Each structure stands twice: as C-alpha cells, then as structure tokens.
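Spelled out from the first residue to the last, the chains are:
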Amino acid sequence: MSASRGGFNSSIGFIMAAAGSAVGLGNIWGFPTQTASNGGAAFVLVYLVLAFFLAYPAFMAELLIGRYGQANAVTSMQKVARTSWQKRFGFAVGFGGVLCAALILSFYAIIAGWMMSYAVEPLAKLASFTDEAKWLITHTLPRNILFTTLFIGLTILIIRRGVEQGIEKWSKRLMPMLIILLILLIAYVFTLNGAQAGFAAYLNPDISRVFDADLLISALGQAFFSLSLGTSVMIIYGSYIAKKENLVSLGAQVTLIDVSIAFLAGLLIIPAMYVAQAQGVAIFAEDGSLISGSSLVFTVLPALFLNMGAVGLFVAFGFFVLMTIAALTSSISMLEGPVSFVVERHNIARKKATTYIGVAILLLSIIIVINLEWMLDFIAILSTQYGQPLIAMFCCIFVGWIWHRNDILTEIKQGNSEVESSLFWKIWPWYVKFVCPTAIALVFIHSL
Ligand code: PFF
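Calculation criteria
- Residues numbered from 1 in each chain as written.
- Predicted model: local features only at pLDDT ≥ 70, side-chain atom pairs only at ≥ 80, totals over all residues.
- Heavy atoms only, no water.
- 1 Å grid on protein atoms, 1.4 Å probe; cavity = no way out; pocket = protein on both sides within 12 Å on 5 of 7 lines; lining within 4 Å.
- Points joined across faces, edges and corners; volume = space filled by probe spheres on them.
- Helix = DSSP H or I, 4+ residues; strand = E, 2+ residues; numbered from the N terminus.
- Nonpolar A, V, L, I, M, F, W, Y, C, P; charged D, E, K, R; others polar.
- Phe/Tyr/Trp six-rings, centres within 6.5 Å; stacked < 30°, edge-to-face > 60°.
- Buried < 20%, exposed > 50% of the residue type's maximum accessible area, 1.4 Å probe, protein only.
- Lys NZ or Arg CZ within 6 Å of the ring centre and 35° of its normal.
- Expected span 1.5 Å × (residues − 1).
- Patch = residues over 30% accessible without salt bridge, like charges linked within 9 Å, V, L, I, M, F, W, Y side chains within 5 Å.
- Areas by Shrake-Rupley, 256 points an atom, 1.4 Å probe, with all protein chains shown as cover.
- Salt bridge = Lys/Arg side-chain N within 4 Å of Asp/Glu carboxyl O.
- Polar contact = N/O pair within 3.5 Å; in protein donor to acceptor, adjacent residues only side chain to side chain.
- Contact = heavy atoms within 4.5 Å.
- Bend = angle between axes of the 7 residues up to and from the residue.

Trainee: Just checking my understanding: could you explain empty space enclosed by the protein for this structure?
Mentor: In this approach the atoms are scanned with a rolling probe the size of a water molecule, which exposes any empty space left behind. Applying the stated rule across the entire model yields three cavities of 30 Å³ or more. As for the largest cavity, its lining consists of 16 residues, of which S21, F225, S228, S330 and M334 are closest to the centre. Listing elements by their share of the lining of the largest cavity, those giving two or more residues are α1 (11-22), α2 (25-37), α5 (84-126), α10 (213-226) and α14 (310-346). At three residues, α14 tops the list of elements feeding residues into the lining of the largest cavity. Looking at the lining of the largest cavity, its residues break down into six nonpolar, ten polar and no charged. Lining the second largest cavity are L185, V189, L268, I269, A272, L301, F305, V315 and F319. At the level of elements, α8 (162-190), α12 (247-278), α13 (293-307) and α14 are the ones that each hand at least two residues to the lining of the second largest cavity. Top element by residues in the lining of the second largest cavity is α12. It accounts for three residues.

Trainee: Quick question: what am I supposed to make of the packing of aromatic side chains here?
Mentor: In this description, an aromatic ring pair is defined by two values, namely the gap between the centres and the angle between the planes. Within the structure shown, the criterion is met by 24 aromatic pairs. Aromatic side chains F43 and Y47 sit 6.4 Å apart centroid to centroid with 15 degrees between the ring planes, which places their arrangement in the stacked category. Note that F43 and Y47 are positioned in helix α3 (residues 41-69) at a spacing of four residues, about one turn of the helix. You can call Y47 buried: its relative accessible area is 0%. Considering the side-chain rings of F91 and F95, the 5.6 Å spacing of their centres and the 15 degrees angle between planes classify their relative orientation as stacked. One end of the pair is F91 and the other is F95, both in helix α5 and four residues apart, which spans about a single turn. Overall, the relative accessible area of 32% leaves F91 in the partly exposed class. Lying over the aromatic face of W401, K433 brings its terminal NZ or CZ to 4.5 Å of the ring centre.

Trainee: What's the story with unusual backbone geometry in this structure? I'm lost.
Mentor: Excluding glycine, residues mostly carry a negative phi; peptide bonds, for their part, are mostly trans. For Q70, which is not a glycine, the phi torsion comes out positive at approximately 50 degrees. One can find Q70 in the loop between α3 and α4 (73-80). With a phi angle near 80 degrees, S232 is a residue other than glycine that sits in the positive phi range. Mapping S232 onto the fold places it in the loop between α10 and α11 (233-239).

Trainee: Sorry if this is basic, but what is going on with α10 here?
Mentor: Residue pairs three or four apart in sequence face the same way in an α-helix, which turns once every 3.6 residues. Here α10 is 14 residues long and its end C-alpha atoms lie 20 Å apart, about the 20 Å a rise of 1.5 Å per residue gives. Listing the buried residues of α10 in full gives L215, A219, L220, Q222, A223, F224 and S226. Note on α10: the residue one or two positions beyond its end, S228, has a positive phi of about 55 degrees.

Trainee: Is there a simple way to think about a nonpolar patch on the surface in this case?
Mentor: A surface patch of nonpolar side chains, about 430 Å² in accessible area, is lined by V120, L123, L126, F314 and F317. Those elements that place two or more of their residues in the nonpolar patch are α5 and α14. Looking at which element gives the most residues to the nonpolar patch, the answer is α5, with three residues. Here L126 is to be found in helix α5.

Trainee: How do you make sense of the layout of surface pockets when you look at a structure like this?
Mentor: The space that makes up the largest pocket amounts to roughly 1300 Å³. Every element with two or more residues in the lining of the largest pocket is listed here: α2, α5, α10, α13, α16 (372-402) and α18 (423-447). A total of ten residues in the lining of the largest pocket trace back to one element, the largest contributor, which is α16. Along the lines of polarity and charge, the residues of the lining of the largest pocket split into 20 nonpolar, 16 polar and two charged. Quantified by volume, the second largest pocket comes out at close to 270 Å³. Lining the second largest pocket, in full, are F52, F53, Y56, P57, A252, T255, L423, F424, I427, W428 and Y431. Listed by contribution, the elements that provide at least two residues to the lining of the second largest pocket are α3, α12 and α18. Examining the composition of the lining of the second largest pocket, we find that five residues originate from one element, α18, more than from any other. Residue classes in the lining of the second largest pocket are distributed as ten nonpolar, one polar and no charged.

Trainee: I would appreciate a short explanation of the side chain of T329 in the present structure.
Mentor: Note that T329 resides in helix α14. Judged by relative accessible area, T329 falls into the buried class, the value being 0%. One polar contact links the side chain of T329 to the main-chain carbonyl oxygen of G20, over a distance of 2.9 Å. In this view, T329 contacts G20, S21, V23, S171, L174 and M175; residues no more than four positions away in its chain are not counted.

Trainee: Whenever I open this one, α8 confuses me. Can you help?
Mentor: Its 29 residues give α8 an end-to-end C-alpha distance of 40 Å, which sits within 8% of 42 Å, the value for a rise of 1.5 Å per residue. Along α8, the helix axis deviates most sharply at S171, where the bend reaches about 25 degrees.

Trainee: In this structure, what is going on with the pattern of salt bridges? I would like to understand it.
Mentor: For side chains of opposite charge, pairing can occur when their charged atoms come near one another. According to the stated counting rule, one finds eight salt bridges in the structure shown. Put simply, E411 and K243 hold a salt bridge, and the shortest N to O gap is 2.9 Å. Taken together, the residues E411 in helix α17 (residues 405-413) and K243 in the loop between α11 and α12 connect sequence positions 168 residues apart. Among the ionic pairs, E420 bridges to K413, the shortest N-O distance being 3.1 Å. The network of salt bridges with shared partners includes R67, K243 and E411.

Here is the structure:
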C-alpha cells in the first residue's frame, strides 16, 4: 500500500472501520423497527440467514474489487475490466456508487442531526435551560439546519485527516464505546416492568411467517443497506486493506459484528417499546400496526426516558449519543467514497476535496431540509431502494461474469493461501455469479 494513499494499519483497524460503516441508524433503529413491523422473531431469523448467505457474498465481491484495484471505486472497477465497453460499464457502476454514497449522506445527516439535538436536550434540561431544551426537540427549520451542519462538519473534520488518523483512529475509539453503551442500556431496560414481554416477542419466531414475500424482501433490503453495499464504500475500504490480510475472514468478522449489533439493538429497542407500553405510551396504532419508525424513536423513547425520572435524563443522553456515534462512523464512510474518487482521479489535495465535497453535500442537505415533506423520502428511496440494490447487483455481475476466475483466485489467495480448497471457494464464485444478481434483481423488481 503506497504511503501517499494511506491504508488501514491493522486488521482490527479495518474491522472497526468497516463495521463502523455497516453499523448505523439502519441497525440501531431500522432493524428493530422492521423487526417489530414484520412479525418479530420471524424477521430476525430471516435477516440472519440472508445477511450471511446473500449479503456477505456480495460484500466479499466489493471488498475484492477494491483490494485488487488498490484505488477508488471507479479506478478499481476499471482495473478489473478488459475491453473498452467493460471499462465504460465499470466507470458507470463505480461512479454510480460514489453518487449514491453522497446522496445517502445528504439525507442521513439530517436524521443524524435529530439524534444529536435529542442528545443535547437532556444536558440543557440538567442545566435548567428549559426553553432551549424544548427548542432542541421541536422540529423547526433553524434547528434542523444547525444540527445537520454540525453533523456534516464533524464528518468533514474526521475525513480531512485521512485513513489512519481519521477513519481508523476514530472508528477504533467510537465502535467499542457504542458496544459498551448498548450493553449497559440493555441491562438497564431489562430491570424494568414490561421488558419480559418484549423479550418474548423478539426471540420466539412465528415460523409460519418466515416465507412471507414482503418479509423476505424487507429483510434482504435491510441486510444490503446495513452492510453499506452498492455505494462504493466497501470497494474503497477494501482498497485500504493490506495484501497480507485474509479477506474471507475479515469480511466474515465484519458481517458478524454488523449482524450482532443489529441483534443487540433489537434486544434493547423491542423490550424498551414494551416497557413504554406498560407505562401507558401508545406503541401500536388502533389497527394493531406499529406506530411508524420515526415517531417511535422521537416520541415513544423520550416518553419512556421521561418516566424514569432523573435517571431518564442520563439514559436519554446515552441512547442518543449512541445513535449519533453509530451514524458518525457510517457517515465518514459515505464521505470517503466521493473524496477518494476526487483525490485520486483529479489530483486534488485531500483536505481541499473533503471540504468542497462536504460543503456541496451540506447544501443538498439544506435543500432537503427546506423541502422536508417530500424530498427526504424521495432521496432516501432513490438512493437506498433503487441505487444500492442496482449497483450492488452490477458489482456481483462484474465479479461473476467479467473478472476471470483465475485472476480472482490469485487476488483472494493473497493472505489466504489455502482458500482454493476451502468451502468458500467451492460455493462463492457460483453464488456471486447466479444467486446474488438474481436475488437482488427480485428485490429491485419488487421495489418498482
Ligand atoms: N450501513 C449503514 C447503516 O446501517 O446505518 C448505512 C450506510 C452506510 C449506507 C454507508 C450506505 C453507506 F454507504
């Protein structure tokens, strides 16, 4: 790995950074909400199967392209290509991923900004700034602009510092904090009245729902979003991994962490919902369906925290800090996609590129904030329901149909000399060629 490009100094650095990208609002809020709306434990079961058997193989395809290319997503894709049409195809897929990452960041930062303002609110209350505390949890344009700007500002500051001093260093600090906070909060919620019912709803699957088409599709979409696939992010993170590292095992470890944290988040949120219900907070609408995700996090949980008395202020602070940390380790990966592209393809200094791209994304976020009613959903659906599955599918097609099998083997053997005789190599090439593109195409067709 060249000194000027930077790269992860250790396998743990990569694992923390890639897991940091994967673990975010999608896991800690999206996964529990989907679980609650899709039959509880049945969704958990399907998600676990799909994450390991479909998302992990696609994730490996992206990591491999990156480590082979040792460059940003566009250049790496083009290095795999041979003919000129393949190179153009590679450009389109790589650049599509870069754009998709930027689009995701533009709406993700707004929601992360809400998490930040909800984290500051208990502090304002503790300091007896009652009016300010109220302002912090009221949806207004100035508040949204302020916290979106703060969140993107933090993301820019980390990415300006590069791979080792920025992404690796901060992911290594933030990820363990996140896991510790999560476990402490779970322990606390379990002592409360009502948690047992939530625990049962989360862990007792209704097997009859497992083959429900909507459930399968939601679980697959959730697994792809959660592993940050189809965004150029895992290609660029793959390019920062040293050739001596065993990619098959690193990828599996990151998938395991991502899935475990989603599982832990479910263990916190689902019982917390039932605790809230026991305290008189409405979590199910009249028709028995779950109150929508966003209102759950911003109304039900604060109500739960309020009921805890003084200690609730600390719990609320802990929870929203946890959400902010999870969002930050994801947002830095989203910004790295476009930044690495501009730095390497257009020879612009990293600090300058980070600031320009970060500010451009912030401007888009502000436009979204001003037109929140329709634009937030529009950009989220465009990037996550259309962009991500399509680009991830093309990455699998690229590896399965364009990249020569022997060249893939040569790349994957570096850091894993035994791979040729492993179960992974017997199954994965076939999987990535046929099963992954077909499964993603099915999700995509459904989302249309
Ligand atoms: N994986 C992140 C989450 O679960 O919240 C979201 C994400 C990060 C999506 C990075 C896309 C991306 F490029």
